[in-house]
Amino acid sequence: MTVPARVPWWQTDLGDAEVAAVTRAIRERHVHHGPLCREFEAALQTHLELPHVATTTSGSVALLLALLACGVGPGDEVVVPALTFIAPAHAALLLGARVRLVDVAADRPLLDVAALDAAVSDRTRAIVVVHLDGRAADVAGARRVAARVGARVVEDCAQAFGSGGPHGRLGGEGDVAAFSLGITKLITTGEGGFVATRDPELHDRIVRLRNHGVHAIADNVFPAFGSNFRMTDMQAAVGLAQLGRFAEKAAGVRRVYAFYERHLAALPWAELLEVRTAAGELPLWSEALFPQRDAVLAELRGRGVETKAFHPCLAESPHLRAEGAFPNATRFARSGLVLPSGPDQTDANLEATVAALRATGAALGLG
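Residues numbered from 1 in each chain as written. Predicted model: local features only at pLDDT ≥ 70, side-chain atom pairs only at ≥ 80, totals over all residues. Heavy atoms only, no water.

(A) Quick look at the side chain of His-131. Take His-131: it is sitting in the loop between strand S4 (124-130) and helix H6 (139-149). Residue His-131 is classed as buried on the basis of its relative accessible area of 1%. Side-chain polar atoms of His-131 contact the backbone nitrogen of Ala-137, separated by 3.0 Å. Sequence-distant contacts of His-131, defined by excluding residues within four places in its chain, comprise Leu-110, Ala-136, Ala-137, Val-139, Glu-155, Asp-156, Cys-157, Gln-159, Ala-160 and Leu-170. (Helix = DSSP H or I, 4+ residues; strand = E, 2+ residues; numbered from the N terminus. Buried < 20%, exposed > 50% of the residue type's maximum accessible area, 1.4 Å probe, protein only. Polar contact = N/O pair within 3.5 Å; in protein donor to acceptor, adjacent residues only side chain to side chain. Contact = heavy atoms within 4.5 Å.)

Structure (structure tokens):
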């Protein structure tokens, strides 16, 4: 085996199909938000078995549009898990709402519904349920809590495209779902995202919100709020090509996770975080918990292996003004690493990563 000089933490390939799609879009002058975006939206509807999809500029904007469509505004509260990327919290702040953090469960880094039930109030306008790394969060439990206080449930599916749970592919159980198409996602348009829902009224609001408050700018009448949050046809062309490779990409991330599942079993100091692949969950990233996490990260980096530390517990962001303690989120955040992942990560890279982990364990006395 040729030992790679550097192992990237994420690897996904864009090839001839994407090049051809963009070339065709430009030659046919489909460069703005037009027919290819509509084709991409229709393809996503079919793939997710959801009736309404609206593409937009990023997963972060998808969350913003979802919360806006749900009526979130100044004085409202939006509940967000304490362990996730900060995008849903920032979307709430941009709308003038207060972020209310809730801890995750002790065994899986997903919203703790019991903690949620204790945290909501009559000011709660929306609950963001995050399907972290393709794991199916308890949307049904969140909906029961939401119904008690009249709140909406937003599914954050940024890391869960194509992942499944007890009710099919994730994104169709809440009121509305936000997806990311960023470069580290299973299918990518470079930057980009979309909002999906079963509710035609919510969809209509989202479509108008992303287009300066109207369906057709040419009408020159602007009766409602909105802005330009439109995807371009060039991005949609890449997305269509990527979607055509979904099965291959899904198999790729399963292969990576299965490799770590086999090899980390021999490293008792490395705990691979469970993704329930047999139940349909897709492990976008392969994540593990480590004692001396920062020392492990530094050792791996010195051996040419890129890893990525978990995002910190959101309570550590002072502008969120979080109240309370979040022990489970803190524990995951302080010990978690994302191992080299991605649908096109090579076997040589994976083998080099495990070899570096063994050497790291010996160097740090973790065996």
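(B) Local environment of the sheet that holds strand S8 (residues 176-180). Strand order in this open sheet of seven strands is S1-S9-S8-S5-S4-S2-S3, and the pairing throughout is mixed. Strands with a single pairing partner mark the edges of an open sheet, and in this sheet they are strand S1 (52-56) and strand S3 (98-102). Mean inter-strand twist for the sheet, computed between neighbouring axes without regard to direction, equals 25 degrees. Relative to strand S9 (residues 193-197), S1 is paired through five bridges, and the arrangement is antiparallel. Looking at S9, one finds that His-52 is bridged to Thr-197. Taken strand by strand, helix H2 (residues 35-48) contacts S1, S8 and S9, and its axis lies near 130 degrees from that of S1. (Pairing = 2+ DSSP bridges. Axes fitted to C-alpha atoms, helices over the stretch in contact; angles between N-to-C directions.)

(C) Structural detail: the environment of Arg-334. With respect to the element layout, Arg-334 can be found in helix H11 (residues 327-335). Owing to a relative accessible area of 55%, Arg-334 belongs among the exposed residues under this scheme. Here the alpha-carbon distance between Arg-334 and Ala-309, two residues 25 residues apart in the chain, equals 8.2 Å. Those residues in contact with Arg-334 that sit more than four places away from it in its chain are Arg-293 and Glu-316.

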